[in-house]
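Each chain is listed here by its residues.
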Amino acid sequence: MEIPFAESFKIKMVEPIHRSTREEREKWIKEAHYNVFQLKAQEVYIDLLTDSGTGAMSDRQWAGIMMGDESYAGATSFFKMKDMITKLTGFEYVLPTHQGRAAENVLFSCLVKEGDFVPGNSHFDTTKGHIESRKATAVDCTVDEAKDTQLEVPFKGNVDPKKLEACLAAHADKVPFIIVTITNNTAGGQPVSMQNLREVRAVADKYNKRVIFDSARFAENAYFIKVREKGYENKTIKEICKEMFSYADGMTMSAKKDAIVNMGGFIATHIQEWYDAAKVVGIVCEGYLTYGGMNGRDMNALAIGLDENTEFATLETRIKQVEYLAKKLDEYGIPYQRPAGGHAIFIDAPKVLTHVPKEEFPAQTLTIELYLEAGIRGCEIGYLLADRDPVTRQNRFGGLDFLRLAIPRRVYTNNHMDVVAAALKNVYDRRETITGGVKITWEAELMRHFTVKLEPVKR
Ligand code: F0G
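Remember, it's a predicted structure, so these values are computed and weren't measured experimentally. (Residues numbered from 1 in each chain as written. Predicted model: local features only at pLDDT ≥ 70, side-chain atom pairs only at ≥ 80, totals over all residues. Heavy atoms only, no water.)

Enquirer: I would appreciate a short explanation of the side chain of Thr367 in the present structure.
Expert: Along the chain, Thr367 falls in helix H14 (residues 362–374). With relative accessibility at 0%, the residue Thr367 sits in the buried group. (Helix = DSSP H or I, 4+ residues; strand = E, 2+ residues; numbered from the N terminus. Buried < 20%, exposed > 50% of the residue type's maximum accessible area, 1.4 Å probe, protein only.)

Here it is, written out as structure tokens:
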């Protein structure tokens, strides 16, 4: 008999979670104005809101927490973190920040000016926010294949080199850098191939431009290169990471994802001018150069997390769990962005709730239905998150409308995935009866999905 695959860890600390009744959930979601961000965590049974800062640290990381050096300047913890980053990326300049968006804020303050264009694959919402708030334009050059959720291609997160080149040809003197997000979260946690990173570098070199990687899930990206791209099957994840970063000039990092810490981030680069400029903003906004918004103990945990999560077994355990959930959905015929992404499953909501018009936010409606069904909290990555066009103030319905089920690292077992799949099947089976979505009663101007207030549309 073939020995089955199992997790590359065993569990030595647990946290209880609780089921609730449908009646309780109906009350709670109403009090939350039908916005799952407004729920209290204890009102949630299985929390797939995000994989960011929600992972379970290892025993080695917890040991690192106890050994943190809390010196204001020159802490050993900083140098442990810096050395690990340099080892994995080749970048010698490292500036800590309290999380990923802070890294964006610090670096973009130095590089992005009004009227600029910043091309890349899909920009994450905070990245786009930091570009648009500086009156610059984020240009999404993702390959067209990403828009067809049922198309099965290995690197759906890629940049389309022709679109990139068209942007550079039109605006070359207004492009401060190209940004590639690995993996491409917005397109469904889809990876970018090494070949594509090389192509982006070639276009950048042709126009004498620099390249930044938004690296929140770079280790997962390296895993996909190893298992899907010819020529990389025998390379280690660490070797693949080193090659990926050789095509970039710098990176922003939300360490809350692939470094498996609850808080933290950084900028790393080989360009001294960038580091010198970022140092000034970093000190003003984040803190001194050797802590930048982090505790010494957190920097220790971050260094160890990066080391562990660039090992194949750790990544394989994680991504196989996402695939496990995907296989269940295949069994039930529930449509999602194919193939399954690295950190999450993205359900194609308009294909499920065919009677809910786009103006009534199908993915948000599905998010609410899944919560009501079994207390599972996913999140909308769709028309609400897309915000309004800054000029016309119209809703942006041009993209995809997903319910994202992000799976925290090393937190839930496959039994939890079975519960998620069963709850989704129940909602799917009664999809024809769901005819009304939600309407907005209050919204913020930017990043409205966090605080939006909604009410159900009754038919
Ligand atoms: N870049 C990417 C690709 C991200 O996914 C995120 C965060 C950030 C930058 C910002 O990092 O949260 O540390 O400030 N993504 C989380 C998510 C919030 O749920 O996908 P941060």
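Enquirer: Just checking my understanding: could you explain the pairing of strand S4 (residues 137–140) for this structure?
Expert: Successive residues of a regular strand alternate their side chains across the two faces of the sheet. Direction of pairing for strand S3 (residues 117–120) relative to S4: parallel, over a ladder of four bridges. Bridge pairing in S4 places Val118 opposite Ala138. As for the winding sense of the linkage, the β-α-β connection from S3 through helix H5 (residues 125–132) to S4 is right-handed. (Pairing = 2+ DSSP bridges. Right-handed = clockwise from strand over helix to strand, strands pointing away.)

Enquirer: Any chance you could explain the site of the ligand here in plain terms?
Expert: With respect to spatial proximity, 17 residues lie near the ligand, and among them Thr50, Arg101, Asp214, Ser254 and Lys257 are the closest. In this structure, Arg101 approaches the ligand through a side-chain N or O atom, which is 2.6 Å from an oxygen atom. With respect to the ligand, the side chain of Ser254 contributes an N or O atom lying 2.6 Å from an oxygen atom. Compared with its free state, where it exposes 470 Å², the ligand has 93% of that area covered by protein. Among the elements that take part in the shell around the ligand, helix H4 (residues 100–111) stands out by supplying three residues, more than any other. Residue classes in the shell around the ligand are distributed as two nonpolar, eight polar and seven charged. (Near = heavy atom within 4 Å. Polar contact = N/O pair within 3.5 Å; in protein donor to acceptor, adjacent residues only side chain to side chain. Areas by Shrake-Rupley, 256 points an atom, 1.4 Å probe, with all protein chains shown as cover. Nonpolar A, V, L, I, M, F, W, Y, C, P; charged D, E, K, R; others polar.)

Enquirer: Would you explain the side chain of Thr181 in this entry?
Expert: Here Thr181 is to be found in strand S5 (residues 178–181). If we skip the residues at most four places from it in the chain, Thr181 touches Asn121, Ser122, Val192 and Asp214. (Contact = heavy atoms within 4.5 Å.)

Enquirer: What exactly am I supposed to notice about the nonpolar core here?
Expert: Generally speaking, nonpolar side chains in soluble globular proteins are found buried as a group. Counting residues in each nonpolar core, the largest one holds 56 residues, and the members touching the most others are Val180, Phe213, Phe218, Met244 and Leu306. Ranked by residue count, the leading element in this core is helix H8 (residues 218–228), at six residues. In contact with Phe213, other than residues within four places in its own chain, are Val180, Ile182, Leu197, Met244, Phe245, Tyr247, Ala248, Gly250, Met251 and Thr252. One finds Leu48, Leu329, Leu403 and Leu424 within the second-largest nonpolar core, a separate group that totals 33 residues. (Core = buried A, V, L, I, M, F, W, Y, C linked by side-chain atoms within 4.5 Å.)

Enquirer: Explain a nonpolar patch on the surface to me, please; I cannot follow it from the model alone.
Expert: There is a patch of nonpolar side chains on the surface, built from Phe9, Ile11 and Val14 and spanning about 310 Å² of accessible area. Secondary-structure assignment places Ile11 in the segment before helix H1 (22–31). You can call Ile11 exposed: its relative accessible area is 57%. (Patch = residues over 30% accessible without salt bridge, like charges linked within 9 Å, V, L, I, M, F, W, Y side chains within 5 Å. Salt bridge = Lys/Arg side-chain N within 4 Å of Asp/Glu carboxyl O.)

Enquirer: I'm lost on the domain arrangement of the protein in this one. Help?
Expert: Accessible area lost when the parts come together is the quantity often used to give the size of an interface. Its domain assignment divides the protein into domain 1 (22–51 + 312–456) and domain 2 (59–308). Centre-to-centre, using C-alpha coordinates, domain 1 lies 26 Å away from domain 2. Roughly 2800 Å² of surface becomes buried between domain 1 and domain 2 when both sides are summed, with 55% attributable to carbon and sulfur atoms. Counting the surface domain 1 buries against domain 2, the share from its top three residues, Arg338, Pro339 and Arg409, is 20%. Between domain 1 and domain 2 we count seven salt bridges in total. Among the salt bridges present, the one from Glu220 reaches Arg409, with a minimum N-O distance of 3.0 Å. At the boundary of domain 1 and domain 2, one finds 20 residue pairs in polar contact (both at pLDDT 80 or more). For the side of domain 1 that touches domain 2, the secondary structure elements donating two or more residues are helix H12 (312–332), strand S9 (344–348) and strand S12 (402–406). Ranked by the residues each element gives to the side of domain 1 that touches domain 2, the list is headed by H12, at six residues. Residue composition of the side of domain 1 that touches domain 2, grouped by class: 13 nonpolar, six polar and 10 charged. (Domains from an automatic or database assignment. Buried area = accessible area lost by both parts, 1.4 Å probe.)

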